[in-house]
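Architecture at a glance
This is what each chain is made of:
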Amino acid sequence: MTSATGFGNSSMEGKMLEMFEVGPCEDDYQLGFLIGERFCNQTRRRLVGDLILQNQLLPFARTPQAQPLIKALSETNQKKFPRYWAELLGTAEGSGVPVLDIILINFRKEILQFISNTAMNSNADTTDDCSEVLIVSDLMTLAAHNEDANVALVGHTYLIKGKLLNGLSFIAYTYAGELSSCASCAFGFNSHGLAFTLNSVPPTEGEIVPAGIGRNFVSRDLLEATSIADALAVHDENSISMQKRTAVLPQGSKMDFLSLLGDTEDTKYPIYMTRPTLYTPCTAVIDLDEKTLTIVEGNPKKGKVSHVFSMSSKDLNRDLVNCAEGAHL
């Protein structure tokens, strides 16, 4: 059983952020196939317009040194996560695009580590995706997350509500052609009551392993997790600049924190991204007191809500606020 439902108005390209309900399916290949089939146009457009794929990943994939790397990544992740690998293959088949293209975008950040600096250009992927605010106080318990992505990905996102044969359900913000909740940075929650957001924390040179587990596969596995995994924080110039900025902004209410994530005062390292390289398509707010996940499209300062999901129901019965008229937090 599958269905697609769209809610609210998107501030990007004037399109709605669509949600597709899929499952239970007979196997994971079919799950991926149905998602790929439903979003085949978005996936094809994304692949054609993705300059990182076209100018870096595909040319590199044709070189002799790339073959053992791609083979090792594929074999390791297929062995560790055979179900998600089948889902990936189904996504390629359903989208009607080459499997290699889908493999490359799902291992984008892993493979880019092995491309020489001379091959990189102004379209190179960035390492400072996404911003996060985590609050536990007497007044509130919430996580607010700016989803930042390369501008080539604008307009190529959707929500997946997946139902599995084992009874588990999840909702995940997803980039076209990638595993659910993936693009190295995204968010989602499941019927175990686990909600999460993802931030880009690239490995240091000494931590790079050619045959390691891909971040998109880790992200996909989180959707079926029953506990919170430990996170690792890395400080760089960008994050330090953001921390300095957050220290001088009000932090007393939910709207204060959304205003923080919408801050553009620092033109070199804005918290809310508006191009030329990165763009913030949306902000996710996970409120553990209210047990909701809210998606705010556009600058979160304006608090324009597109979706509200209840996290309390085991079967993820939708408790959505349809904000076609533009409701606010």
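For the structure, check the block above.
Summary of the structure given here. (Residues numbered from 1 in each chain as written. Predicted model: local features only at pLDDT ≥ 70, side-chain atom pairs only at ≥ 80, totals over all residues. Heavy atoms only, no water.)

A look at the packing of aromatic side chains
Within the structure shown, the criterion is met by nine aromatic pairs. Both rings, one in F81 and one in Y84, keep their centres 5.3 Å apart while their planes meet at 25°; by these two values the pair is stacked. The class for F81 is buried, based on a relative accessible area of 11%. Given the relative accessible area of 3%, Y84 is considered buried. Where F189 meets F309, the ring centres are 6.1 Å apart and the plane angle is 55°; that geometry is what we call tilted. Linking F189 in strand β7 (residues 187–190) with F309 in strand β11 (residues 304–310), this pair joins segments that are 120 residues apart in sequence. F309 carries the same exposure label as F189, and that label is buried. It is R38 that lies over the ring of F39; its NZ or CZ is 5.3 Å from the centre. Just above the ring of F81 sits the side chain of K80; from NZ or CZ to the centre is 6.0 Å. (Phe/Tyr/Trp six-rings, centres within 6.5 Å; stacked < 30°, edge-to-face > 60°. Buried < 20%, exposed > 50% of the residue type's maximum accessible area, 1.4 Å probe, protein only. Helix = DSSP H or I, 4+ residues; strand = E, 2+ residues; numbered from the N terminus. Lys NZ or Arg CZ within 6 Å of the ring centre and 35° of its normal.)

Re unusual backbone geometry
Excluding glycine, most residues fall at negative phi; most peptide bonds, likewise, are trans. P24 follows G23 through a cis peptide bond whose omega is 0°. Looking at the secondary structure, you find P24 in the loop between β2 (17–22) and α1 (28–38). The phi angle at K291 is positive, at roughly 55°, despite the residue not being glycine. For K291, the location among the structural elements is in the loop between β9 (278–287) and β10 (292–297). By relative accessible area, which is 46% here, K291 ends up partly exposed.

Concerning the pairing of strand β6 (residues 169–175)
When you tally the buried positions in β6, you get seven out of seven residues, the bulk of the element. Burial along β6 is two-sided: S169, I171, Y173 and Y175 facing one way and F170, A172 and T174 facing the other are all buried. Here strand β5 (residues 157–163) hands over to β6 after five residues, with G167 in that stretch at a positive phi of 95°. Pairing between β6 and β7: three bridges, direction antiparallel. Along β7, the bridge assignment pairs I171 with F189. (Pairing = 2+ DSSP bridges.)

Details of the pattern of salt bridges
Evaluated as defined, the whole model comprises twelve salt bridges. Between E18 and R38 there is a salt bridge whose closest N-O contact spans 2.2 Å. Within this pair, whereas E18 is found in strand β2, its partner R38 is found in helix α1, the two being separated by 20 residues in sequence. Assessed through its relative accessible area of 32%, R38 is described here as partly exposed. A salt bridge links E178 to R108; its shortest N-O distance comes to 3.5 Å. With E178 in the loop between β6 and β7 and R108 in helix α7 (residues 108–112), the pair connects residues that are 70 residues apart, well separated along the chain. Given a relative accessible area of 5%, R108 falls into the buried group. Shared partners join several salt bridges into a network, and the residues in it are D28, R83, E87, R220 and E224. (Salt bridge = Lys/Arg side-chain N within 4 Å of Asp/Glu carboxyl O.)

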